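Chain and residue survey
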Amino acid sequence: MPQHLRGRQRHVFRQERRTEILKLIDLHGRVEVDKLAERFDVGSDSIRKDLQALAKAGKCIRVYGGATSIPASVVTQSIKTSEKSVSSPLEALVDPEDAGRMAVAQRAYLEIHSGDSIFLDISRTNSFLADIIARGDKQVIVTTNMIEVLQKLSNLDHVTALGTGGYLNVQLNGFVGDTTISLLEPLLFSKAFIGASGVDLDNAAVTSNNIDSGSVKERVIHNASYKFLLADSKKFQIKSMFRFAALNDFSAVITDSQDPMVLDKLRRLGIPTYRTLTS
């Protein structure tokens, strides 16, 4: 067979394979690379490229070891997001209540460099950080357990977006639980950006309202070389129920707080503090 026909045949087979993979994802909710490679009699690398292409097209969520279907809640959210004006400046779309989170996210972006493999956990601040990453040009690999972050980063040439997989908590709109923690166990990250429900300076404790989400944060902190706590000023006024880390577990705290008492306590605890550009 002539070379150009063989190339065309490979392209047809690839498209047919991807169509079949989508059907399997819709049927089972999740597919695995090894099983797909065996089913279609191709190499694992070919399947990974298939799943990456399907994820970039917004047809599935790429997770470690395979891919999952997109929850209905994400599809609804995507429709609502598309109705917003994309020409508006990012800050103009932010509620005044979230100004502190946006400022922290903007400062956190300065800690990201091309080539980094980073983790963004379930956090509203990380949702803003994902927006900034999407509009930037840094070549990064982003792993996350937050569906909204995957939605914002999955179709970009400069970002490789990976989901952890695991149990999908609809209220948190992200993956949590023992399966997620097990999937995270062998993974290493150069940097992790971790949100919190509250920061208890008296006990040097970082807290969460949800024990499952907090357990994932704890695992990620252990697996990252540099870990940044994202804490807007309001977080220092809140003490949540579940302690998932100590302040000295973090490489630095990124905050917009201008409270002298807060900043002094952080200094006395020996915690490097990166203040936002507006604080």
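Structure's up top.
Attention in this report is confined to the structure presented alongside it. Since the model is a prediction, treat every value here as computed from it, not as a measurement.

Here's the deal with the sheet that holds strand S13 (residues 242-246)
- Taken together, the three strands give an open sheet; going across it, the order is S10-S11-S13, and neighbouring strands pair in antiparallel fashion. The sheet is open, and its two edges are formed by strand S10 (198-200) and S13, each paired on a single side. Averaged over all adjacent pairs, the angle separating strand axes in this sheet is 35°, with direction ignored.
- In the sheet, strand S11 (residues 205-208) pairs with S13 via four bridges, with the strands oriented antiparallel. By the bridge assignment, Ser-208 is partnered in S13 with Phe-242.

Digging into helix H2 (residues 33-40)
- Every buried residue of H2 is listed here: Val-33, Leu-36 and Ala-37. On an axial view of H2, the arc spanned by its buried residues comes to 100°, and they lie on one face. Residues Asp-34, Lys-35, Glu-38 and Arg-39 are exposed on H2 and point more than 90 degrees away from its buried face.

Regarding the packing of aromatic side chains
- For the structure shown, the criterion picks out three aromatic pairs.
- Centre to centre, the rings of Phe-119 and Phe-189 are 5.3 Å apart; their planes meet at 55°, and the pair counts as tilted. One end of the pair, Phe-119, is in strand S4 (residues 117-120); the other, Phe-189, is in strand S9 (residues 189-195), with 70 residues separating them in the sequence.
- Phe-189 sits in the buried class, given a relative accessible area of 2%.
- Between Phe-193 and Phe-228, the aromatic rings sit 5.2 Å apart at their centres with planes inclined by 15°, giving stacked as the arrangement. Taken together, the positions of Phe-193 in strand S9 and Phe-228 in strand S12 (residues 224-230) put the pair 35 residues apart, joining distant regions of the chain. For the residue pair Phe-193 and Phe-228, the accessibility class agrees, reading buried in each case.
- Members of the aromatic cluster, connected to one another through ring pairs, are Phe-193, Phe-228 and Tyr-274.
- Residue placement shows Lys-138 over the ring face of Tyr-109; its charged tip is 3.8 Å from the ring centre.

Remarks on the side chain of Asn-145
- Here Asn-145 shows up in the loop between strand S5 (140-144) and helix H7 (147-153).
- Those residues in contact with Asn-145, other than ones at most four positions away along the chain, are Phe-119, Leu-120, Asp-121, Ile-122, Thr-164, Gly-174, Phe-175, Val-176 and Val-216.

Thoughts on helix H10 (residues 260-268)
- Considered for burial, the residues of H10 that qualify are Val-262, Leu-263 and Leu-266. Buried positions in H10, seen along its axis, are confined to an arc of 95° and lie on one side of it. Residues of H10 that are exposed and point more than 90 degrees away from the buried face comprise Pro-260, Met-261, Arg-267 and Arg-268.
- Elements that come into contact with the buried residues of H10 comprise strand S14 (252-255) and strand S15 (273-275).
- At the N-terminal end of H10, a side-chain oxygen is found 2.9 Å from the backbone nitrogen of Met-261, two or three residues along, and the residue is Asp-259.
- Looking one or two residues past H10, Gly-270 carries a phi angle of roughly 75°, positive in sign.

Topic: the environment of Lys-59
- Assignment of secondary structure puts Lys-59 in the loop between helix H3 (44-56) and strand S2 (61-63).
- Note on Lys-59: relative accessible area 46%, which makes it partly exposed.
- Taking the C-alpha atoms as reference, Lys-59 lies 7.6 Å from Ser-69; in sequence the two are ten residues apart.
- With residues up to four places along the chain from it excluded, the contact list for Lys-59 reads Leu-22, Leu-54 and Ile-70.

Quick look at the pattern of salt bridges
- Going through the model one piece at a time under the given rule, you end up with 18 salt bridges.
- The shortest N-O distance in the salt bridge between Glu-97 and Lys-234 comes to 2.9 Å. One end of the pair, Glu-97, is in the loop between helix H4 (72-82) and helix H5 (99-109); the other, Lys-234, is in the loop between S12 and S13, and 137 residues separate them in sequence.
- With relative accessibility at 54%, the residue Glu-97 sits in the exposed group.
- Of the residues examined, Lys-234 reaches a relative accessible area of 34% and is grouped as partly exposed.
- As a salt-bridge pair, Lys-152 and Asp-131 come within 3.1 Å of each other at their nearest N and O atoms. Within this pair, whereas Lys-152 is found in helix H7, its partner Asp-131 is found in helix H6 (residues 124-135), the two being separated by 21 residues in sequence.
- We classify Asp-131 as buried; its relative accessible area is 17%.
- When salt bridges with common partners are traced through the structure, they connect Asp-200, Asp-202, Lys-239 and Lys-265 into a single cluster.

Parameters and conventions
Residues numbered from 1 in each chain as written. Predicted model: local features only at pLDDT ≥ 70, side-chain atom pairs only at ≥ 80, totals over all residues. Heavy atoms only, no water. Pairing = 2+ DSSP bridges. Helix = DSSP H or I, 4+ residues; strand = E, 2+ residues; numbered from the N terminus. Axes fitted to C-alpha atoms, helices over the stretch in contact; angles between N-to-C directions. Buried < 20%, exposed > 50% of the residue type's maximum accessible area, 1.4 Å probe, protein only. Arc of directions from axis to C-beta. Phe/Tyr/Trp six-rings, centres within 6.5 Å; stacked < 30°, edge-to-face > 60°. Lys NZ or Arg CZ within 6 Å of the ring centre and 35° of its normal. Contact = heavy atoms within 4.5 Å. Polar contact = N/O pair within 3.5 Å; in protein donor to acceptor, adjacent residues only side chain to side chain. Salt bridge = Lys/Arg side-chain N within 4 Å of Asp/Glu carboxyl O.

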